[in-house]
Amino acid sequence: GDSVTQTEGQVALSEEDFLTIHCNYSASGYPTLFWYVQYPGEGPQLLFRASRDKEKGSSRGFEATYDKGTTSFHLRKASVQESDSAVYYCALSESGGSNYKLTFGKGTLLTVTP
Amino acid sequence: DAGVTQTPRHEVAEKGQTIILKCEPVSGHNDLFWYRQTKIQGLELLSYFRSKSLMEDGGAFKDRFKAEMLNSSFSTLKIQPTEPKDSAVYLCASSLGGTSAEQFFGPGTRLTVL
């Protein structure tokens, strides 16, 4: 079945550091890829998505590019802030058919210290 | 617009009890999802409904977990009987449906089973 792998379980950075969270996927078709962010005490919320090869998704300074060749959708931000501290989930939605469930990675806890 | 509502926000149960968690999706959304969230496993899909029809019932959770959607604006998740390993956050999400559709999550119910 489909799967999503996030390499980093936890990332600890200082403010203004560069962030990369790696996401690789395995899917039989051509999935839509998502990044969700979850703040303490809240449910996950969509950061952005991408549906086509080479499409870049972006929001709030975060960005990721859909790479079908390397089956990756790595999350990056040039300069993190303390307010970015949260759990980040990479996810995919199957292509075609009528099943619109999401397959999530295990999540990456980002902690940013001032 | 009202988002996804979940009640209660916190639940404490004794082992062996029956508990019922409630969810009200975003008005007009066709798809509804129940997830379990733990630090170790991350987000695990429990059930998925489309227009009140059960599309997927997470295999590992079938024996004691039962989700129902009696109408388009209300869903319940029953756990019977509860076990200490069921302690987790239970999240409900809804979406319009479609491969690229955003899932909107509620704040979750934190269940503690003693």
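These numbers come from a predicted model, not from an experiment.

*Asks:* What should I look at first to understand the pattern of salt bridges in this one?
*Replies:* Note on pairing: side chains with opposite charge can pair once their charged atoms come close. All names here are of chain B. All chains considered together, the criterion is met by 10 salt bridges over all chains. Arg-50 is the partner of Asp-31 in a salt bridge, and the nearest nitrogen-oxygen pair spans 3.0 Å. Of this pair, Asp-31 sits in strand β4 (residues 31-38) while Arg-50 is found in strand β5 (residues 42-50), placing the two residues 19 residues apart along the sequence. On the basis of relative accessibility, which here comes to 17%, the residue Arg-50 falls in the buried class.

*Asks:* Mind showing me how you'd approach the sheet that holds strand β3 (residues 19-21) of chain A here?
*Replies:* Residues and elements named next belong to chain A. Reading across the sheet, the four strands line up as β3-β9-β8-β7 and stay open at both edges, with antiparallel pairing between neighbours. For this open sheet the edge positions go to β3 and β7 (56-59), each flanked by a neighbour on one side alone. Here the average twist between neighbouring strands, direction ignored, is 20 degrees.

*Asks:* I tried to follow the interface of chain A and chain B on my own but got confused; where do I start?
*Replies:* Accessible area lost upon the coming together of the parts is a frequently used measure of interface size. On the chain B side, the residues contacting the 23 residues of chain A number 25 residues. Between chain A and chain B, roughly 1,800 Å² of surface is buried when both sides are summed, and carbon and sulfur atoms account for 50% of that area. Where chain A touches chain B, the interface holds one salt bridge. Per element, the largest residue contribution to the side of chain A that touches chain B is four residues, and it comes from strand β5 (residues 32-38) of chain A. Its residues assigned to classes, the side of chain A that touches chain B comprises eight nonpolar, 10 polar and five charged.

Criteria and cut-off values
In this convention, every chain numbers its residues from 1, walking through the sequence in written order. All chains are assigned letters beginning at A, and all ligands numbers beginning at 1, according to the order in which they are written. It should be noted that, the model being predicted, local features are given only for residues of pLDDT at least 70 and side-chain atom pairs only at 80 or more, the latter also being counted only at that level, while totals for whole chains, interfaces and linings use all residues. The side-chain figures draw on all heavy atoms in the structure; neither hydrogens nor water molecules are used. Throughout this description, the term salt bridge denotes a Lys or Arg side-chain nitrogen within 4 Å of a carboxyl oxygen of Asp or Glu. What counts as a helix is a DSSP run of H or I of at least four residues, what counts as a strand is a run of E of at least two, and both are numbered from the N terminus. Working definition: with a 1.4 Å probe on protein chains only, accessible area under 20% of the residue-type maximum means buried, over 50% means exposed, and in between means partly exposed. At least two DSSP bridges between two strands are needed for those strands to be called paired. Angles shown run from 0 to 180 degrees and are taken between the N-to-C directions of axes, each axis being a line fitted to C-alpha atoms and, for helices, limited to the stretch in contact. Note on contacts: a residue pair is in contact if any heavy atoms of the two residues lie within 4.5 Å. For any pair of parts, buried area is found by adding up, for both, the accessible area (1.4 Å probe) each one loses once the two are put together. Residues are grouped as follows: Ala, Val, Leu, Ile, Met, Phe, Trp, Tyr, Cys and Pro are nonpolar; Asp, Glu, Lys and Arg are charged; all remaining types, including Gly, are polar.

Nothing here speaks to function; it is all geometry.
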